[in-house]
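Coordinates in review
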Amino acid sequence: MKNIKEQFPIFKERKKLIYLDNAATTQKPARVINAILNFYTNSNANINRGMHFLGEEATQLYEQARVTVAKFINSKDIEIIFTRNTTESINLIASSIESIIPQGKTEIVLTEMEHHANLVPWQQLAKRKNLKLIFIKTKEDFSLDYEDAKRKISSNTAIVSVTHKSNVTGIVNEIDKIINLAKKQNALTIIDGAQTIASKKIDVKKLDCDFFAFSGHKIFGPTGIGVLYGKKELLEKMNPYQFGGNMISTASLEKAGWNELPMKFEAGTPNISGSIGLAEAIRWINEFGIENISKNEKELTSYALKKLSELNGIEIYGKNQEGIISFNLKNTHPHDVACLLNDEKICIRAGFHCAMPIAKKLSLNGTCRISFSVYNTKQEIDFLIEQLKKIKGIIK
Amino acid sequence: MNLAIDMYRENILENYKNPKNFGEIKNPTHKASSINKSCGDEITISLVIKENKLTDIKFTGKACAICTASASLLTEEAKNKKIDEIKKYDKDFSLSLLEIPISAVRIKCALLPLETLQKAILNNGK
């Protein structure tokens with residue numbers, strides 16, 4: 001992993017930067033930045049419209065990006081819909097799912113550890129369609145209670161939407177168990193993959209979930225591009241939720257017909273450069289090896305856990321974390337810790353991490369959260385620990 | 001460099017560890033709460049106002065050092081002052097009580113007590 005940092009220009013520009021906020025967004029390799037620059041320099045045009053060579057080239061690049069994403073998670077090309085991010089992907093499902101909800105079923109099952117992105121859209125759907133929200137509990141160690149899942153997922157369950165990994169605790173959920181339980185009850189299954197896509201091999205066919213959502217910017221791609229995978233037969237039955245150009249087959253002044261998949265769900269000019277950047281990021285991951293990313297993440301996590309737990313008066317939330325650690329220093333507000341670490345150019349996150357219900361369960365003040373990626377090192381963790389000791393000295 | 005270390009000077013830390021006017025008033029005439037959404041600071045300020053004068057003020061809440069110190073200093077400053085005078089307190093005044101430069105990301109923390117105090121004065125329904 002020695003020269004990995006050199007592939008990320010930000011570390012050249014910001015020499016002292018220690019970036020431990022990778023669960024929020026990752027830094028971008030030069031390859032990805034150049035791919036975007038190259039598109040705007042050489043191939044910029046709108047897609048699916050122009051009769052000219054440039055339009056054709058841009059369309060090709062955009063569709064190639066879709067193929068790259070599809071291969072990455074083992075789906076069909078037309079099952080990949082480009083969105084802005086995980087949040088938009090889940091909003092799309094929640095807005096369009098009505099027509100495929102199995103008849104007579106009235107319950108949506110989520111977990112207590114969801115990010116607001118996989119919570120608030122369902123609250124709105126529940127309100128609109130008079131459905132009931134039900135939450136699978138977390139245990140005392142903040143892991144998912146699978147016994148509770150067995151109780152909560154029932155013949156009334158219409159939808160089960162679960163995060164693959166908590167963005168607060170870093171605990172990975174055994175989603176295959178959850179998907180199995182849901183399948184037995186003929187419920188629709190949705191996985192929020194925002195936190196696992198960067199370091200776990202995802203095979204949607206094997207998982208057999210109905211939908212899988214993730215963001216490009218958490219896997220070294222640009223912001224503003226996200227992905228929704230959905231099973232073809234389900235997407236075909238769903239109605240679009242945004243309307244306009246590109247998503248229609250025919251249109252008159254009075255009415256319109258919908259385009260085929262995936263265009264049906266991609267109204268207006270999409271984020272073409274973003275999709276190209278994302279595809280380049282995926283190629284980079286494929287060359288680097290996702291198993292290497294995963295291995296590095298696990299090593300750094302266990303090293304950091306060991307070092308952190310040696311500090312007096314530290315509370316670490318949960319166990320068996322992967323890539324993310326939430327903690328608090330005794331009598332110290334997380335905001336103060338983050339602010340003092342910032343002085344040493346150490347970037348961490350402090351607060352509720354857009355997942356207020358679980359974060360408040362951990363600590364009423366929120367937590368400090370560190371999260372790792374390929375370019376982080378044990379030396380950086382050592383430096384972090386040194387600074388945390390200093391902070392303990394400053395704020396009793 | 002070391003902006004934060006400057007922020008955590010003795011004056012701030014003393015007011016954080018031993019905040020003045022921390023607690024609740026049993027029968028306040030005015031009361032208000034505010035939350036800083038980005039980090040979760042929560043402050044509640046209760047007041048006793050008699051004849052246009054702030055005769056008692058206390059605050060409670062869970063907040064970071066900057067926010068708590070700011071609340072401590074602001075409540076101490078406002079106590080026994082005329083309401084008309086307190087209504088004139090602005091951002092610059094509140095920040096000046098801290099006697100240190102506050103970095104942009106922490107301004108919200110530092111100003112939460114002022115926001116809450118002004119809200120409380122208008123909030124005579126308790």
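Residues numbered from 1 in each chain as written. Chains lettered and ligands numbered in written order. Predicted model: local features only at pLDDT ≥ 70, side-chain atom pairs only at ≥ 80, totals over all residues. Heavy atoms only, no water.

Okay, the overall build of chain A next. Secondary structure assignment for chain A yields 14 helices and 15 strands. Compactness check: chain A gives a C-alpha radius of gyration of 22 Å against a globular reference of 21 Å for 396 residues, within 12% of the reference. With the C-alpha coordinates aligned to their principal axes, the bounding extent of chain A is approximately 70 × 55 × 35 Å. Taken over 396 residues, chain A has a buried fraction of 59%. Across chain A, contacts joining residues at least 24 apart in sequence account for 70% of those joining residues at least 6 apart. (Helix = DSSP H or I, 4+ residues; strand = E, 2+ residues; numbered from the N terminus. Rg over C-alpha atoms; globule rule 2.2 N^0.38 Å. Buried < 20%, exposed > 50% of the residue type's maximum accessible area, 1.4 Å probe, protein only. Contact = heavy atoms within 4.5 Å.)

Residues and elements named next belong to chain A. Under the domain assignment, chain A is made up of domain 1 (4–21 + 289–394) and domain 2 (31–287). Each of domain 1 and domain 2 has a C-alpha centre, and these two points are 28 Å apart. Facing the 32 residues of domain 1 at the interface are 30 residues of domain 2. Interface area for domain 1 against domain 2, summed over the two sides, is near 2500 Å², with a carbon-plus-sulfur share of 61%. In this structure, D141 and K319 form a salt bridge, with 3.7 Å as the shortest nitrogen-oxygen distance. At the boundary of domain 1 with domain 2, the tally comes to 16 residue pairs in polar contact (both at pLDDT 80 or more). Only α11 (290–309), β12 (324–329) and α13 (356–362) provide two or more residues apiece to the side of domain 1 that touches domain 2. For the side of domain 1 that touches domain 2, the element with the most residues is α13, which contributes six residues. Along the lines of polarity and charge, the residues of the side of domain 1 that touches domain 2 split into 17 nonpolar, ten polar and five charged. (Domains from an automatic or database assignment. Buried area = accessible area lost by both parts, 1.4 Å probe. Salt bridge = Lys/Arg side-chain N within 4 Å of Asp/Glu carboxyl O. Polar contact = N/O pair within 3.5 Å; in protein donor to acceptor, adjacent residues only side chain to side chain. Nonpolar A, V, L, I, M, F, W, Y, C, P; charged D, E, K, R; others polar.)

All names here are of chain B. With respect to topology, three strands assemble into an open sheet ordered β1-β2-β3, the strand pairing being antiparallel. Edge positions in the sheet fall to β1 (30–35) and β3 (53–62), since each of these pairs with one other strand and no more. Taken pair by pair, the neighbouring strands of this sheet meet at an average axis angle of 15°, ignoring direction. By the bridge criterion, six bridges tie β1 to strand β2 (residues 42–50) in an arrangement that is antiparallel. Residue pairing across strands places I35 opposite E42, the latter belonging to β2. The strands touched by helix α6 (residues 107–122) are β1, β2 and β3; relative to β1, the strand with the most contacts, the crossing angle is about 145°. (Pairing = 2+ DSSP bridges. Axes fitted to C-alpha atoms, helices over the stretch in contact; angles between N-to-C directions.)

A few words now on the packing of aromatic side chains. Residues and elements named next belong to chain A. Applying the stated criterion across every chain yields a total of 14 aromatic pairs over all chains. When the ring centre of F11 is taken as origin, the NZ or CZ atom of K5, which lies over that ring, is 5.2 Å away. Positioned above the aromatic ring of Y146, the side-chain terminus of K177 is 4.7 Å from the ring centre. (Phe/Tyr/Trp six-rings, centres within 6.5 Å; stacked < 30°, edge-to-face > 60°. Lys NZ or Arg CZ within 6 Å of the ring centre and 35° of its normal.)

Our focus in this paragraph is the nonpolar core. Counting 70 residues, the largest nonpolar core has I73, I178, F212, I219, F220 and V374 of chain A as its most contacted members. The leading source of residues in this core is helix α10 (residues 272–288) of chain A, at nine residues. Two domains each put at least three residues into this core: domain 1 (4–21 + 289–394) and domain 2 (31–287) of chain A. Each residue touching I73 of chain A, except ones within four places of it in the same chain, is listed here: I80, I197, I202, D203, V204, F214 and Y229 of chain A. If you look at the next biggest cluster of nonpolar residues, it comprises 67 residues, including I18 and I314 of chain A together with I66 and L95 of chain B. (Core = buried A, V, L, I, M, F, W, Y, C linked by side-chain atoms within 4.5 Å.)

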